[in-house]
Each structure stands twice: as C-alpha cells, then as structure tokens.
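Architecture at a glance
What follows is the residue order along each chain.
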Amino acid sequence: MSAFRRSRPRRRPAPRSSGGIATLGAALLAGALAACGYGSESPTGSSTDNTASPAGKGGALSADEVSIGYFANITHGTALVGLAEDGPIRAELAGTSLKTQVFNAGPSAIEALNAGAVDITFIGPNPAINGYAQSGGRNLRIVAGAASGGASLVVNPDTVDGPDDLEGKRLATPQLGNTQDVALLNYLDGQGFEVDGESGVGDVTILRIANAEIPPAFENGSIDGAWVPEPTAAKLVSQGAVTALDERELWDDGRYVVTHVIASQEFLTDHPDVVEAVIRGVVRSNARINENPEEAKEIINSALEELSGAALPPEVLDPAFDHVEFLDDPLAETLSAGADHAVAAGLLEETDLTGIYDLRLLNKVLAEEGESEITDDAGLGTE
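In what follows, the accompanying structure is described. The shown structure was predicted, so the numbers you read here are calculated from the model rather than taken from an experiment.

As a further point, take the nonpolar core. Among the nonpolar cores identified, the biggest contains 102 residues, and Ile68, Leu93, Ile120, Phe122, Leu188, Val275 and Ile279 are the most heavily contacted of them. Here this core gets 8 residues from one element, more than from any other, and that element is helix 10 (residues 272–291). Residues contacting isoleucine 120, with those up to four places away along its chain left out, are Val66, Ser67, Ile68, Gly69, Leu113, Val261, Ile262, Ala263, Phe267, Val275 and Val278. In terms of nonpolar packing, the next biggest core, distinct from the first, is built from 13 residues, Val154, Ala172, Val228 and Leu236 among them.

Below, the structure is given as structure tokens:
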C-alpha cells in the first residue's frame, strides 16, 4: 500500500486537550478485551525470580543479584534468547542471582528503573529519552544495542484504503509515549493530520492499549489499525489486517533502533562488572540468533509460550522474526531523530541528551569478541 507514502499539506498543530484517552479507550473496549497471549499479561509488568547458572567465567561478581527487565515481544528476542535456561546472559552472570521482570511497554519499565525495581532493562528509544530527560540526565545510560526494525502500521483494508481514509479512524499503540506511539504521531503529522499527542484526540484517534489486548480489539472492530511491534503486527495480519507501512521505509538504510539496553547509573557505577557481563551476554545472544536463526526462533517461541501460555503459529512467528534485525549497535542517530519527533508531538520538552550513551563496556566486549567497535554515538556519549 505505497499510497500511504503520499503527504497532504501540513496543517497547524491541534490545540492541546486536557482530556485523557484512557477514558475513551475504556468506553470503546469495555467488556471486549481478553488476553490473547501476545505480549505480557500485565501492563505494569510481572516478575519472576531465578537463579543464574554457574556456567559463566570466573567467580562471583560484585553484586549478589541483578534485576533485568524486558518485553514479551520478538523485538526483545535478544533478551528471550539470552535469558533462556542455557542463554548467554544467564551464563555470563555466573553466581549472581537473576531476577526478571516483564513489561508491556517502555514507560512502565522506566518507572521500575527509577524505583530501583530493575537494574538493567531492554527498552525502546523514546521511553529511554523521556526517562533521561525527566531525571535531568541522572537515572540511566544506554549501554548496548539489541534490535532494529520490527514495527509496522497495519490496518483493516475494509475501512482504510489510503492516507485520506485515516481521518476519523481509531488506531492503537501499546502505551502513551512509547516508541511506536511517537512513531505514529510523527507519521500522522507528516501526513498533515492534527492529533493532540497527549490525549490522542484529533483527526485520527489514537488509543493506547496493551499489546496483548490489541488483536482482540481489532477482531471486534474497536480499532481500525495499529502501529505495533512484532509479533503483534504479524498477529493482526493473520487476522486479516494489511501492512500499510513498514517503519523501515522511513529510515536511511532501513535501520532504526527499536530495542536497546539501558542500565541505571547507580548500578553501572557500583557494579560495572555485572553490567559488562550482561553486555557480553547480549553480544553473544545476538551472535547466536544471527548464526542459528531457526534455533533462535524456537527459543523465542518457547519463551513467549511460557510467558503468555500460547506459542506463536508459523504464520505469525516466521514473518515477525524476519522483520527484526538483531545487532549490537544502538543506532544513536536514529535515537536522536526519535527525540526530535517526541518534541514535535508535544510529548517531550527540548532537552540536552549528551551523556545518555556509555558505550565503553560494549566496545571493550566487542574488541574481546573480535568485532568492530561502535564509534558513532551521535555526539551523545559520556565525557
């Protein structure tokens, strides 16, 4: 549906509304949304305590325990592979106890990081930007990349046939201010639609709905489409949606950060060896995925089944997996662009992001693994 690339004349931004979209979303979806097994069951996250395997190198690390957050999405496949029973992250932690927490979307993960409930988390770029800005640059550092791609705008072809058909329609994103939410707002602005970023009200209505609840909302007609990560996008396509826009089309070289790894600054300062161990596990997990994709798909699907109660069928798993690229580079230039998009959407004040990246441990690990170091941090690295 290449027609979605057309643009209408840009109009003035919509006036800010004080009304919340949560009330509207609840009214539309009351009694209709049941868990479908695509994403975490709780929008605020659920935690599971585990004991790390003693298979890692060396003795005990400086922390007795580390808490790691991630999402039940294929875009978080690095975490799903790395935290598996024999996964590289778990192995590198040696005798350090591992606690995990699963989130629906980034803002909840940032809240947990700020509260000290997680030390390290896999997350999308915009929640990391927001968290860094809101704390005055004192709460987190981006320490490694994880994945690119894996997000799309998918729509009901019976109600949406092109850009002009989006007017008056209802589109879902996983959470206010998350990475897909900002991407959709930026896209709609580029098409000339007026939408208030905070409330989601305007020419197009944006509903912030947990990933697990978006497929049933689409099924019962409560929404006309969604800008979502994998596997939710592929699940919607299997239900009859069509891909209106693969977000890769909007970026140079088709690459943009969808998942990277952040650590709390306090934990990074106090336990750099633990953060380094996790980063080494991330690098080795990405290598395992890229070297053995079929095996990786099985591991990822098993993890999703354990988290949600249902494995993904091949018609969902295969296209969703193929839509994501797993890589160590955090693609800093695309994060910087994402920050500009959030400012334009009214979800972020202009802020100095200098210092959001600390790639020193990543580059140390990459050198040890015989890989090229990451030299481009978009000028946003630590001094």
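There is more to say after this.
Moving on, we get to the sheet that holds strand 6 (residues 151–155). Taken in spatial order, the 5 strands of this open sheet run 8-7-9-6-10, and their pairing is mixed. Both outer strands of the open sheet, strand 8 (205–208) and strand 10 (242–246), are each paired with one neighbouring strand and no more. Direction aside, the axes of adjacent strands within the sheet are offset by 25° on average. Relative to strand 10, strand 6 runs antiparallel, the two being bridged by 4 bridges. Along strand 10, the bridge assignment pairs valine 154 with threonine 243.

Moving on, we get to a negative patch on the surface. A cluster of acidic side chains, namely Glu85, Asp86, Glu295 and Glu298, defines a negative patch on the protein surface. Assignment of secondary structure puts glutamate 85 in the loop between helix 2 (77–82) and helix 3 (88–92). The class of glutamate 85 is exposed, set by a relative accessible area of 74%.

Cut-offs applied
Along every chain, residues carry numbers that run from 1 in the direction the sequence is written. Under the rules for a predicted model, residues below a pLDDT of 70 receive no local features and side-chain atom pairs below 80 are neither given nor counted, while totals for whole chains, interfaces and linings still include all residues. Note that the side-chain values use all heavy atoms of the structure and ignore hydrogens as well as water. Definition of nonpolar core: a set of buried residues of the types Ala, Val, Leu, Ile, Met, Phe, Trp, Tyr and Cys, connected through side-chain atoms within 4.5 Å. Classification of residues uses two cut-offs on accessible area relative to the type maximum, computed with a 1.4 Å probe and protein chains only: under 20% is buried, over 50% is exposed, and between them is partly exposed. For helices the rule is a DSSP run of H or I covering at least 4 residues; for strands it is a run of E covering at least 2, with both sets numbered from the N terminus onward. The contact rule is simple, with two residues in contact once any of their heavy atoms fall within 4.5 Å. DSSP-based pairing: two strands are paired if at least 2 bridges between them are found. Axes, fitted as lines to C-alpha atoms, cover a helix only where it is in contact. Angles between the N-to-C directions of the axes lie from 0 to 180 degrees. Candidate patch residues must exceed 30% relative accessible area and have no salt bridge, after which like charges are joined if within 9 Å and Val, Leu, Ile, Met, Phe, Trp or Tyr side chains if within 5 Å. Calculation of accessible area relied on Shrake-Rupley with a 1.4 Å probe; when residues are assessed, cover is drawn exclusively from the protein chains displayed. Think of a salt bridge as a Lys or Arg side-chain nitrogen and an Asp or Glu carboxyl oxygen that are within 4 Å of each other. Working convention for charge: Lys and Arg count positive, Asp and Glu count negative, and His plus the chain ends are omitted. Note on charges: their place is set at NZ of Lys, CZ of Arg, CG of Asp or CD of Glu.

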